[in-house]
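Commentary on secondary and tertiary structure
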Amino acid sequence: MKVVTLGTAGGPRWWKGDAKDRAGISTAVVVEDRFYLVDAGHGVGRRIRQAGLELGDLGGVFITHLHSDHTIDVPSLIVFGMHELQHRADSPVPIVGPGDRGALPPVSERAVVAPKPVAPQNPTPGITGMFDNIVSAFATDINDRVLDSLRPSPEVLFDPRDIEIPVGIGYHPNGAPTPDMDPFVIFEDDLITVTAILVEHPPVAPAFAFRITSEYGSVTISGDTCETPNLVRLAQDTDLLLHEAIDFDWVGAMYEHRTDEEGRASRDHHYKSHTSVEGAIRIATDSRARTLALHHLVPGSADESVWRRGEDLFGGTFLVPEDLDTLTINRVAATARS
Ligand SMILES: [Zn+2]
Ligand SMILES: [Zn+2]
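Now for a quick tour of the structure. No experiment lies behind these values; they were computed from the predicted model shown.

**Brief notes about the overall build of the protein**
When helices and strands are counted, the protein shows 12 helices and 14 strands. Taking 2.2 N^0.38 as the reference for a compact globule, 338 residues should give roughly 20 Å; the C-alpha atoms of the protein span a radius of gyration of 20 Å, in line with that estimate. In terms of overall dimensions, the protein has a C-alpha envelope of 65 × 55 × 45 Å along the principal axes. Burial analysis of the protein (338 residues in total) assigns 50% to the buried set. The contacts of the protein with a sequence gap of at least 6 include a subset with a gap of at least 24, amounting to 68%. Total accessible area computed for the protein in this model is approximately 15500 Å², and 51% of it derives from carbon and sulfur atoms. Mean positive and mean negative side-chain charge positions of the protein (29 and 49 charges, respectively) differ by 3 Å.

**Brief notes about the pattern of salt bridges**
Side chains that differ in sign of charge can pair as their charged atoms come close. A complete count under the given rule lists 21 salt bridges for this structure. A salt bridge links Arg-331 to Asp-239; the nearest nitrogen and oxygen atoms lie 2.9 Å apart. Separated by 92 residues along the polypeptide, Arg-331 in helix α12 (residues 331–337) and Asp-239 in the loop between α7 (229–234) and β11 (240–246) bring together distant segments of the chain. For Arg-331, a relative accessible area of 33% puts it in the partly exposed group. The network of salt bridges with shared partners includes Arg-110, Glu-261, Arg-264, Arg-267 and Asp-268.

**Observations regarding the sheet that holds strand β13 (residues 317–319)**
Spatially, seven strands are ordered β7-β8-β9-β10-β11-β12-β13 in an open sheet, and the strand pairing comes out mixed. Both edges of this open sheet fall to β7 (184–188) and β13, since each of them pairs with a single strand only. Taken over all neighbouring pairs, the strand axes of this sheet differ in orientation by 25° on average, direction set aside. Taken together, the four bridges between β7 and strand β8 (residues 193–198) define a ladder with antiparallel strand orientation.

**Observations concerning the side chain of Thr-124**
Here Thr-124 is to be found in the loop between β5 (93–98) and α4 (127–137). Looking at Thr-124, the relative accessible area reads 12%, which means it is buried. Once you skip the residues sitting within four places of it in the chain, Thr-124 turns out to touch Asp-100, Arg-101, Gly-102, Ala-103 and Leu-104.

**So, the coordination of the zinc ion (ligand 2)**
Within the protein, His-65 (NE2), His-67 (ND1), His-201 (NE2) and Asp-224 (OD) serve as the donor atoms for the zinc ion (ligand 2), at 2.1 to 2.3 Å. Here the zinc ion (ligand 2) is ringed by four donor atoms whose angles at the metal span 91 to 160°, and the overall shape comes out irregular. In this structure, the zinc ion (ligand 2) lies 3.3 Å from the zinc ion (ligand 1), and both are coordinated by Asp-224. Taken together, the residues span a long stretch of sequence, with His-67 in the loop between β4 (58–62) and α2 (68–71) and His-201 in the loop between β8 and β9 (208–214) at a distance of 134 residues. Residue His-67 is classed as partly exposed on the basis of its relative accessible area of 26%.

**Let's talk about the packing of helix α8 (residues 248–255) against helix α9 (residues 261–273)**
Between two packed helices, both the angle of their axes relative to each other and the distance between the axes serve to describe the pair. Contact pair α8 / α9: the axes reach a minimum separation of 10 Å and the direction vectors enclose 175°. The orientation of α8 relative to α9 falls into the category roughly antiparallel. Along the contact surface, α8 presents Phe-248, Val-251, Gly-252 and Tyr-255, while α9 presents Gly-263, Ser-266, Arg-267, His-270 and Tyr-271. Of the residues that constitute the contact of α8 with α9, the class distribution is four nonpolar, four polar and one charged.

**Regarding the nonpolar core**
With 55 residues, the main nonpolar core has Phe-62, Ile-186, Ile-192, Phe-210, Val-219, Leu-294 and Trp-307 as its most contacted residues. Apart from the residues lying within four places of it in its own chain, the contact partners of Leu-294 are His-243, Ala-245, Val-277, Ala-280, Trp-307, Phe-318, Leu-319, Val-320 and Pro-321. Core analysis: the next-biggest nonpolar cluster, separate from the first, contains 29 residues, Val-61, Leu-85, Ile-95 and Ile-134 among them.

**Notes on the coordination of the zinc ion (ligand 1)**
Around the zinc ion (ligand 1), the protein supplies Asp-69 (OD), His-70 (NE2), Asp-224 (OD) and His-296 (NE2) as donor atoms, at distances of 2.1 to 2.2 Å. Relative to the metal, the four donor atoms surrounding the zinc ion (ligand 1) lie at angles of 91 to 163°, and the coordination shape comes out irregular. One chain supplies every donor for the zinc ion (ligand 1), spaced along it as D-H-x153-D-x71-H. Overall, His-296 belongs to the buried group, its relative accessible area being 2%.

**Looking at the side chain of Glu-244**
Mapped onto the elements of the fold, Glu-244 is located in strand β11. An unpaired buried charge is present at Glu-244: no salt bridge exists, and Arg-309, the closest side chain of opposite charge, is 12 Å distant. Among the polar contacts made by the side chain of Glu-244, one reaches the side chain of His-274 at a distance of 2.8 Å. Among all residues touching Glu-244, those that are not within four sequence positions of it are Ser-222, Gly-223, Asp-224, Thr-225, Ser-273, His-274, Thr-275, Ala-280, His-295 and His-296.

**Observations concerning the environment of Thr-317**
Summarising the element assignment, Thr-317 is placed in strand β13. Relative accessible area serves as the criterion here: at 41%, Thr-317 is assigned to the partly exposed category. Between the alpha carbons of Thr-317 and Arg-101 there is a distance of 37 Å; along the sequence they are 216 residues apart. Apart from residues no more than four positions distant in its own chain, Thr-317 is found in contact with Arg-290, Thr-291 and Leu-292.

Basis of the calculations
Residues numbered from 1 in each chain as written. Chains lettered and ligands numbered in written order. Predicted model: local features only at pLDDT ≥ 70, side-chain atom pairs only at ≥ 80, totals over all residues. Heavy atoms only, no water. Helix = DSSP H or I, 4+ residues; strand = E, 2+ residues; numbered from the N terminus. Rg over C-alpha atoms; globule rule 2.2 N^0.38 Å. Buried < 20%, exposed > 50% of the residue type's maximum accessible area, 1.4 Å probe, protein only. Contact = heavy atoms within 4.5 Å. Areas by Shrake-Rupley, 256 points an atom, 1.4 Å probe, with all protein chains shown as cover. Lys, Arg positive; Asp, Glu negative; His and termini not counted. Charge placed at Lys NZ, Arg CZ, Asp CG, Glu CD. Salt bridge = Lys/Arg side-chain N within 4 Å of Asp/Glu carboxyl O. Pairing = 2+ DSSP bridges. Axes fitted to C-alpha atoms, helices over the stretch in contact; angles between N-to-C directions. Donors = N, O, S within 2.8 Å, 3.2 Å for Na, K, Ca; no water. Tetrahedral: all angles 85-135°; square planar, octahedral: opposite > 155°, others 65-115°. Parallel < 35°, antiparallel > 145°, perpendicular 65-115°, else oblique. Nonpolar A, V, L, I, M, F, W, Y, C, P; charged D, E, K, R; others polar. Core = buried A, V, L, I, M, F, W, Y, C linked by side-chain atoms within 4.5 Å. Polar contact = N/O pair within 3.5 Å; in protein donor to acceptor, adjacent residues only side chain to side chain.

Laid out in C-alpha cells, this is it:
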C-alpha cells in the first residue's frame with residue numbers, strides 16, 4: 001500500500017512564487033494493482049501521469065467536501081477520463097462524496113446587504129448533482145463522441161454516489177454540522193474499506209475525513225477541518241495521518257490592513273475552519289498516529305521551514321511531502337521485521 005501525494009497545496013487559487021510548484025490537493029492511495037483518489041484539486045490528471053499511474057486502474061474517487069480546491073478537476077476526470085476508461089462500462093468508477101447540503105448557510109452577520117445566492121433553483125447540489133451538472137455543461141462535446149464515435153458516455157463509465165449520513169446522530173448542516181459520532185463505512189471492495197466521520201469546516205457541511213484500510217495498514221486523510229475530536233476518533237492508531245495545515249501568521253499578515261467587512265469575514269473563515277501545524281500535531285498525538293504528513297498547505301507558496309517549525313513536538317515520524325512523494329505503508333512487513 002502506497003500513498004502518492006499528487007497535489008499538496010490548499011486553497012482556491014494558483015499560488016504565486018512557489019518554488020515547489022505544488023498542485024491542488026489530491027492524494028492517490030495505491031493498493032496492489034489499483035489506485036484510489038481522495039479529492040481532485042487542480043492538475044490531478046497530469047499528476048496521475050507523472051506518478052506513473054494508469055487512469056484505467058482507478059478504483060474510486062472520494063471527495064471530502066465540495067469546496068472548489070478539492071473538486072475543480074472532477075470535470076476533467078469525467079470528460080477527459082472517459083477516453084481512457086472505455087473498458088469500464090461493466091465496472092464504472094465510483095465517485096463518492098457529500099450529498100446535497102439541503103439548506104444554504106446563513107448570511108454572515110457582517111453583511112451590509114444580504115447577497116443573492118447563485119442557481120437559486122438548485123443552490124446546494126451534492127456530488128451526484130454536481131456530476132449531472134458537469135455532464136450537462138459538456139453535453140455538446142460528449143454527445144458528439146457518443147453519437148458520432150459511439151463511445152460509452154460518462155454516465156455509463158462513472159457511478160456517482162452521495163454519502164448518506166447516519167440517522168439519529170443529531171446532524172444538521174447549520175445547527176449541528178459536527179456532532180460526536182462513530183466512524184461509518186462509505187465504501188468497500190475486495191482491497192479496501194473506507195470509513196468516514198464528520199469534521200468541522202464551517203460553513204461547509206457536510207465535510208468529511210476518510211480512513212482507508214487495507215490488509216497492509218491504514219491512511220487517514222483529514223479533509224479540511226479545525227481541530228476536532230471526531231478526527232481523533234477516526235484516526236486512532238492509524239499508520240499515516242495526512243492532515244491539513246495553515247500558517248496563521250500568513251493569515252494575520254494578509255488581512256492585517258483589511259477593515260472592510262468582506263476582509264473580516266474571509267479572515268474569520270480561516271480561523272474557524274482550518275488547523276495550525278501545532279494543532280495537527282496535537283491531533284496526531286492524541287490519535288497515536290505513527291506518521292504525520294502535512295498537506296493541503298495554505299499558503300501553498302510558503303517555505304518548508306514554516307511547516308517544520310513544530311516537528312520536535314511530535315513523537316512519531318513527521319513529514320512535509322512535496323508533490324509526487326511516495327509514502328509506503330506496510331504493516332505486514334513492519335511486523336515481520338520487528
Ligand atoms: Zn481546501
Ligand atoms: Zn475547504
